[in-house]
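Notes for the structure review
What follows is each chain in one-letter form.
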Amino acid sequence: MNTYFVVFCIPADLMADWVEHTPEDERAAQSDQMMQAWAAWRDAHAAMIKDDGQPLGKTKRVTANGIEDARNDLNYYLLIEAESHEAAAEAVKDNPHVQMIPGSYVDVIEMPKMR
């Protein structure tokens, strides 16, 4: 089995637009619907999930020039195990994140074994 780092992403501008233009009660209802769908997806794929992950929050970018606030598309991560990179991606393609959030995407990143 191979391990894959799965990053769920929403373009920062789309997220800001949703927060700005969607009433709070509607955002709450949409979030609840997403969490229920996410839980069902997680349960269906429990055997391959190695780490349930965590939501990802605000970002500080550190460079040789210093530290600054930054925005990125990263929203959530988890670790899964699969026989192949393709199998890992196939398992994620029906995740509600991709199906329910227009413009969102998921990066499935192979984690090579260290020697």
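Up top is the structure.
Residues numbered from 1 in each chain as written. Predicted model: local features only at pLDDT ≥ 70, side-chain atom pairs only at ≥ 80, totals over all residues. Heavy atoms only, no water.

1. Here's the deal with the sheet that holds strand S6 (residues 105-111)
Rules: A strand pair is defined by DSSP finding two or more bridges across the two strands. Here a strand is any run of E in DSSP of at least two residues, a helix any run of H or I of at least four, and the numbering for each starts at the N terminus. Helix axes are fitted to C-alpha atoms over the stretch in contact, other axes to C-alpha atoms as well, and angles between N-to-C directions run from 0 to 180 degrees.
Pairing is antiparallel across the open sheet formed by four strands, whose spatial order is S2-S5-S1-S6. The sheet terminates laterally at strand S2 (49-55) and S6, the two strands that pair on one side only. Along the sheet, successive strands turn relative to each other by an average axial angle of 15°, direction set aside.

2. Comments concerning the nonpolar core
Note the following rule: Throughout, nonpolar core names a set of buried Ala, Val, Leu, Ile, Met, Phe, Trp, Tyr and Cys residues whose side chains join them through atoms within 4.5 Å. Partly exposed describes any residue whose relative accessible area lies between the buried limit of under 20% and the exposed limit of over 50%, with all areas from a 1.4 Å probe on protein chains only and scaled to the type maximum. Throughout, a contact is declared for two residues whenever any of their heavy atoms are within 4.5 Å.
Ranked by internal contacts, the top residues of the largest apolar core, which has 16 residues, are Val6, Phe8, Leu78, Ile80, Val92 and Val108. For this core, the secondary structure elements donating two or more residues are strand S1 (2-9), helix H2 (24-44), strand S5 (74-82), helix H3 (85-92) and S6. Top contributing element to this core by residue count: S5, with four residues. Excluding residues that lie within four positions of it along the chain, phenylalanine 8 makes contacts with Trp38, Asp73, Leu74, Asn75, Tyr76, Leu78, Val92, Asn95, His97, Tyr105 and Val106.

3. Some details on the packing of aromatic side chains
The test is simple: Here the aromatic set is Phe, Tyr and Trp, taking the six-membered ring for Trp, and pairing holds for ring centres within 6.5 Å; pairs whose planes are under 30 degrees apart are stacked, those over 60 apart are edge-to-face, and all others are tilted.
Applying the stated rule across the entire model yields five aromatic pairs. Both rings, one in phenylalanine 5 and one in tyrosine 77, keep their centres 5.6 Å apart while their planes meet at 15°; by these two values the pair is stacked. Separated by 72 residues along the polypeptide, phenylalanine 5 in strand S1 and tyrosine 77 in strand S5 bring together distant segments of the chain. Judged by its relative accessible area of 19%, tyrosine 77 falls in the buried class. A centroid spacing of 5.7 Å and a plane angle of 40° characterise the contact between tryptophan 38 and tryptophan 41, whose relative ring orientation is tilted. In this pair, tryptophan 38 and tryptophan 41 are both assigned in helix H2, three residues apart and thus about one turn of the helix distant. These aromatic residues form a ring-pair network of at least three members: Phe8, Trp38, Trp41 and Tyr76.

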